[in-house]
Amino acid sequence: MCSKTTIALGLLVLAALGLSAPARAQTLAALPAPSASATPAGEARPIIAWAAFCQGHAAECAVDPAEPAAIALTAATWNTIVSVNRRVNKAVRPMTDLEHWGVADRWDMAEDGIGDCEDFQLLKRRLLVEAGLPRRAMRMTVVIDEKGEGHAVLTLVTDRGDFILDNKTSAVLAWHQTGYTFIKRESQDRVAWVSLGGVTSPVTTANR
């Protein structure tokens, strides 16, 4: 099982980073306009499934204060971000945790090519870390989506504002352009969560 997992993840890495020239041309675009960042507003209760994930994947949840707290956006970095978001969205088959695992909420990195919202984002973060971006500047985030349901996205804190990676769209949008209500996200200072001032957090994030 471990070897199959490694192979599956490796294929996704190659798919995400091994872009053809036409794909690079399509994803390379002007840098986004600067915008205001979301402001944390105190501590928040962690997601239970996140805590369980961290027990088995401590490095994925660790916070290194020596890392930059924001990504310095360049054309090349922006192209990498857009490319990884698009390729993972295409590579992973969406399925709820209840359908996939028989449980309401389980966080992993879609090692078998199947996952729900948080699994997409965790895989994207791993690939972006491997591409050289600081994990500390990429925070798992819980929002209320357009259906009024809990949903997980990945917030990229940059020197041009906060941008969102989402499995529902291949467009990388500024957080305030998504239409979501932002509830909370991982802290940049320690292994914990901070509030973003939204409504009461959902119990689970098992949404496609």
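Preceding this paragraph is the structure being described.
Right, let's walk through the structure included here. (Residues numbered from 1 in each chain as written. Predicted model: local features only at pLDDT ≥ 70, side-chain atom pairs only at ≥ 80, totals over all residues. Heavy atoms only, no water.)

The helix and strand inventory of the protein chain stands at seven helices and nine strands. With 208 residues in all, the protein chain has 50% of them scored as buried. Contacts in the protein chain between residues far apart in sequence, at least 24 positions, make up 65% of those at least 6 positions apart. In the structure as shown, the protein chain presents an accessible area of about 9,500 Å², 58% of it carried by carbon and sulfur atoms. (Helix = DSSP H or I, 4+ residues; strand = E, 2+ residues; numbered from the N terminus. Buried < 20%, exposed > 50% of the residue type's maximum accessible area, 1.4 Å probe, protein only. Contact = heavy atoms within 4.5 Å. Areas by Shrake-Rupley, 256 points an atom, 1.4 Å probe, with all protein chains shown as cover.)

Moving on to the nonpolar core. Counting 39 residues, the largest nonpolar core has I81, W107, L128, L156 and W193 as the members making the most contacts within it. For this core, the elements supplying multiple residues, two or more each, are α3 (48-56), α5 (75-91), α7 (117-130), β4 (138-144), β5 (150-158), β6 (161-166) and β7 (169-174). Among all residues touching L156, those that are not within four sequence positions of it are I71, I81, L128, A137, M138, G161, D162, F163 and L165. (Core = buried A, V, L, I, M, F, W, Y, C linked by side-chain atoms within 4.5 Å.)

Attention now goes to the packing of α5 against α7. Interaxial distance between α5 and α7 falls to 10 Å at its minimum, and their mutual angle equals 140°. In terms of orientation, α5 lies oblique with respect to α7. At the point where α5 passes α7, the crossing takes the right-handed sense. Within the contact between the two elements, α5 uses T80, I81, V84, N85, V88 and N89 and α7 uses F120, L123, K124, L127 and L128. Grouping the constituent residues of the contact of α5 with α7 by class yields seven nonpolar, three polar and one charged. (Axes fitted to C-alpha atoms, helices over the stretch in contact; angles between N-to-C directions. Parallel < 35°, antiparallel > 145°, perpendicular 65-115°, else oblique. Left-handed = near helix turned anticlockwise from the far one by under 90°. Nonpolar A, V, L, I, M, F, W, Y, C, P; charged D, E, K, R; others polar.)

With that settled, consider the pattern of salt bridges. One pass over the structure, following the stated rule, counts nine salt bridges. Among the ionic pairs, E60 bridges to R135, the shortest N-O distance being 3.8 Å. Linking E60 in helix α4 (residues 58-61) with R135 in the loop between α7 and β4, this pair joins segments that are 75 residues apart in sequence. Side by side, E60 and R135 carry an identical accessibility label, which is buried. Residue D108 pairs with R106 through a salt bridge whose shortest N-O separation is 3.7 Å. By relative accessible area, D108 is classed as buried at 5%. (Salt bridge = Lys/Arg side-chain N within 4 Å of Asp/Glu carboxyl O.)

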